[in-house]
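Each chain is listed here by its residues.
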Amino acid sequence: MTTWSLRRRPSRTLGLLLLVILSFLVLRRLDWSTLIPPWLRHRQLGLQAKGQNFMLEDSTFWIFGGSIHYFRVPKEYWRDRLLKMRACGLNTLTTYVPWNLHEPERGKFNFSGNLDLEAFILMAAEIGLWVILRPGPYICSEIDLGGLPSWLLQDPSMKLRTTYKGFTEAVDLYFDHLMSRVVPLQYKHGGPIIAVQVENEYGSYNKDPAYMPYIKKALENRGIIELLFTSDNKDGLMKGVVQGVLATINLQSQNELQLLTTFLLSVQGIQPKMVTEYWTGWFDSWGGPHNILDSSEVLETVSAIIDAGSSINLYMFHGGTNFGFINGAMHFHEYKSDVTSYDYDAVLTEAGDYTAKYSKLRDFFGSFSGAPLPPPPELLPKMSYEPVMPSFYLSLWDALKYMGEPIKSENPINMENLPVNDGNGQAFGYILYETTITTSGILSGVAYDRGQVFVNTVSVGFLDYKTTKITIPLIQGYTVLRILVENRGRVNYGNNIDDQRKGLIGNLYLNNSPLKNFRIYSLDMKKNFFQRLDINKWDTLPQTPTYPAFFLGGLSVGLSPLDTFLKMEGWEKGVVFINGQNLGRYWNIGPQETLYLPGVWLKKGINQVIIFEEMTAGPVVQSTDTPHLGRNQYVH
Ligand code: GLA
């Protein structure tokens, strides 16, 4: 077993100094290779596959990895979670990179704040962890459209995850940008990145044989020089293998271990074995149970994987939260979207707390480490605050006045093609369509994922996957027909990712005649959305509110803000915003009953709480110090 000390990176001043000397030497045409600092000179081989072993430079190396997604954990807690990972005896951090969050609009990149990938990677290095990067571009991971930007779907012929020109051109531009950031962080350049994944489980999709070679080249051409690997689950293993790239597998059950021993051997001969995703738990969908996996079973499987001579990565070590609207969905027989929590029953909880899995795995990995493991950091305290009693209210219909002019269009336009956000369409949230009707009858159309239909302000039903026709009651005179459509999350796994446009898809018909002349509001509920609703726009809470509506209250916090969980008892379905931060969706069909509210997003004093409720508001929002993720069911 190798130790995994990592030297501190040179300071900025040192970097500048080197740059000046280098420019000087280049100008004078001198041999600059002598400038490579001695501590970098031994970093020439990186992680290699040698026979059945991984080698890091001259030593045999076992990857004991764990996944944490920086975009699912408040930046202020990254250090805490990474220290906990290191103290569990793991030596490698594995993370995906979500293209949709980093390039929200074509050509406009965001790598700041909670999306500061380089800071996350460097922090891991500082803490003594190597890094395995999973840049996609498709990353699955229960994120909307598997991490692909929704603006790609503006093209009606788009073929995601293929060498279709419209897709590769976008990937090329994104990779140009992303790789220029991560290339210097590779091992051979002195950084912690020891391996890079080529796409993700492409074997299960496998629509274009030219695609994986293209992605491999796209990485290499931009300076990726560390070990490349693919990872596939049992359904895609045969098809995911790429010439010149190490194949690895994803699994959960011990019954699948023969994949490690026989399958990998049969496809690539003697190579180091790696389980890139050992699923420590599982994600949850709305309307289902909270999936859990027993800690003793986890320990048994982890040790069986290592006994089989394989390296391992725990997916997830710490899952975190699908803050905002970023959750993905599945749509095989039925459309099912993922809940806000990405607790995953992982090794650390959603809020970063220790679990039985943590202590068992710490003992286990500790036995390999050769030296005592660093002590696990103290728990971050949790708090129950006084309930929030909303005292102000604004019905959605009144709020529309402050939303600016709607988009006018003869026919409905889906979210992605709406002319907003500099032509990039709307990625997330809700969209409202209005038109005038003069008769009752049968309304039909396709609304993804769920469209609540109103006659004026009265709710008359839903259009969704199951219901594509509803009756519009008898009305007199001119009436406004409204459909509020929610994007509940685009599919992140399966063959239907090209069909993930949201809102009204195609025409809306009344008695088989297409309705015309729509007014369309983009209700993305981003920060600037609420900036338009200053306090004098709100009304005091009426006895019988009209829904959907926004509710405004204050959460009172004492001297030091702490983590808490908001209990949405009595509320039916909606979204919660704290000081402008979108905490995510709640829904009384469960399983999830509480929303994680990180203390670092609170301030001393009164914190603004806005709840968007579609159906029925509760009297208060309670705060509790314990999460309730719903009825447990063992993963099967
Ligand atoms: C696959 C994917 C991951 C994730 C898991 C399930 O293995 O590669 O991104 O979706 O399934 O959590």
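Each chain has its residues counted from 1, running along the sequence as written. Under the rules for a predicted model, residues below a pLDDT of 70 receive no local features and side-chain atom pairs below 80 are neither given nor counted, while totals for whole chains, interfaces and linings still include all residues. Note that the side-chain values use all heavy atoms of the structure and ignore hydrogens as well as water.

## Thoughts on the overall build of the protein chain
Every helix listed is a DSSP run of H or I at least four residues long, and every strand listed is a run of E at least two residues long, numbered separately from the N terminus. When its secondary structure is counted, the protein chain shows 13 helices and 35 strands. Radius of gyration means the value over C-alpha atoms here, while the globule rule gives 2.2 Å times the residue count to the 0.38 power. Since a compact globule built from 636 residues should have a radius of gyration of about 26 Å, the 26 Å found for the protein chain is in line with a globular shape. The principal-axis extent of the C-alpha atoms belonging to the protein chain is close to 85 × 60 × 55 Å. Accessible area is worked out with a 1.4 Å probe on protein chains only. A residue is then buried under 20% of its type maximum, exposed over 50%, and partly exposed in between. The buried share of the protein chain, reckoned over its 636 residues, is 58%. Considering only intrachain contacts with a sequence separation of at least 6, the fraction spanning at least 24 residues in the protein chain is 79%. Contact definition: two residues touch when any of their heavy atoms are within 4.5 Å.

## Brief notes about the site of the ligand
Neighbouring residues are identified by heavy atoms, a residue being near a molecule or strand if any of them is within 4 Å of it. As a structural note, the neighbourhood of the ligand is formed by 15 residues, with Tyr96, Glu142, Glu201, Glu277 and Tyr344 the closest of them. Think of a polar contact as two N or O atoms within 3.5 Å of one another; within protein, one of them needs to be a possible hydrogen donor and the other a possible acceptor, and neighboring residues in sequence only count if both atoms come from side chains. Residue asparagine 200 places a side-chain N or O atom 3.0 Å away from an oxygen atom belonging to the ligand. For accessible areas, the Shrake-Rupley method is used with a probe of radius 1.4 Å. Any residue's cover is judged against the shown protein chains and nothing else. In the complex, the protein chains occlude 96% of the 300 Å² of accessible area that the ligand would expose alone. Class assignment of the residues belonging to the shell around the ligand gives a composition of nine nonpolar, three polar and three charged. Under the scheme applied, nonpolar residues are Ala, Val, Leu, Ile, Met, Phe, Trp, Tyr, Cys and Pro; charged residues are Asp, Glu, Lys and Arg; polar residues are all the others, including Gly.

## Some details on helix H7 (residues 211-221)
Within H7, the full set of buried residues consists of Tyr211, Met212, Tyr214, Ile215, Lys216, Ala218 and Leu219. The secondary structure elements touched by the buried residues of H7 are helix H6 (165-182), strand S7 (193-197), strand S8 (227-232) and helix H8 (237-240). One or two positions beyond H7, positive phi appears at glycine 223, with a value near 100°.

## A few points about the UniProt feature "domain: Beta-galactosidase 1-like first all-beta" (unreviewed entry) in the protein chain
UniProt positions are given in the numbering used here, feature names are shortened, and annotations may be inferred rather than shown by experiment. Under the UniProt annotation, "domain: Beta-galactosidase 1-like first all-beta" (unreviewed entry) lies at residues 425-524. Structurally, residues 425-524 comprises 0% helix and 60% strand, and the distance from its first C-alpha atom to its last is 11 Å.

## Notes on the environment of glycine 584
Take glycine 584: it is sitting in strand S31 (residues 581-587). What makes glycine 584 buried here is its relative accessible area of 0%. As for glycine 584 and tyrosine 596, which are separated by twelve residues in sequence, their C-alpha atoms are 9.1 Å apart. Apart from residues no more than four positions distant in its own chain, glycine 584 is found in contact with Gly324, Thr340, Gly574, Val575, Val576 and Leu595.

## So, the packing of aromatic side chains
Only Phe, Tyr and Trp rings take part, Trp by its six-membered ring, and two of them pair if their centres are within 6.5 Å. Stacked means planes under 30 degrees apart, edge-to-face means over 60, and tilted covers everything else. Applying the stated rule across the entire model yields 44 aromatic pairs. Between tyrosine 335 and tyrosine 465, the aromatic rings sit 4.7 Å apart at their centres with planes inclined by 15°, giving stacked as the arrangement. Of the two residues, tyrosine 335 is situated in strand S14 (residues 335-337) and tyrosine 465 in the loop between strand S20 (458-464) and strand S21 (469-472); the sequence distance between them amounts to 130 residues. By the ring-pair criterion, three or more aromatic residues cluster together here, those being Trp99, Trp151, Phe167, Tyr174, Phe175, Tyr202, Tyr205, Tyr211 and Tyr214. Counting as a charge over the ring demands two things of the Lys NZ or Arg CZ atom: a distance within 6 Å of the ring centre and an angle within 35 degrees of the ring normal. In this arrangement the basic side chain of arginine 161 is found over the ring face of tyrosine 205, its NZ or CZ atom lying 4.5 Å from the centre.

## Some remarks on the side chain of serine 150
With respect to the element layout, serine 150 can be found in the loop between strand S6 (130-134) and H6. Not counting the four nearest positions on each side in its chain, serine 150 is found in contact with Leu145, Glu416, Gln426, Ala427 and Arg490.

## Digging into the pairing of S6
Of all five residues making up S6, five are buried, and the element is well covered by its neighbours. We treat two strands as partners when DSSP finds at least two bridges between them. Here five bridges tie strand S5 (residues 92-96) to S6, and the two strands are oriented parallel to one another. Within S6, the residue paired with leucine 93 across the bridge is valine 131. A clockwise course of the path from the first strand over the helix to the second, judged with the strands pointing away from the viewer, identifies a crossover as right-handed. In terms of handedness, the path from S6 via H6 over to S7 forms a crossover that is right-handed.

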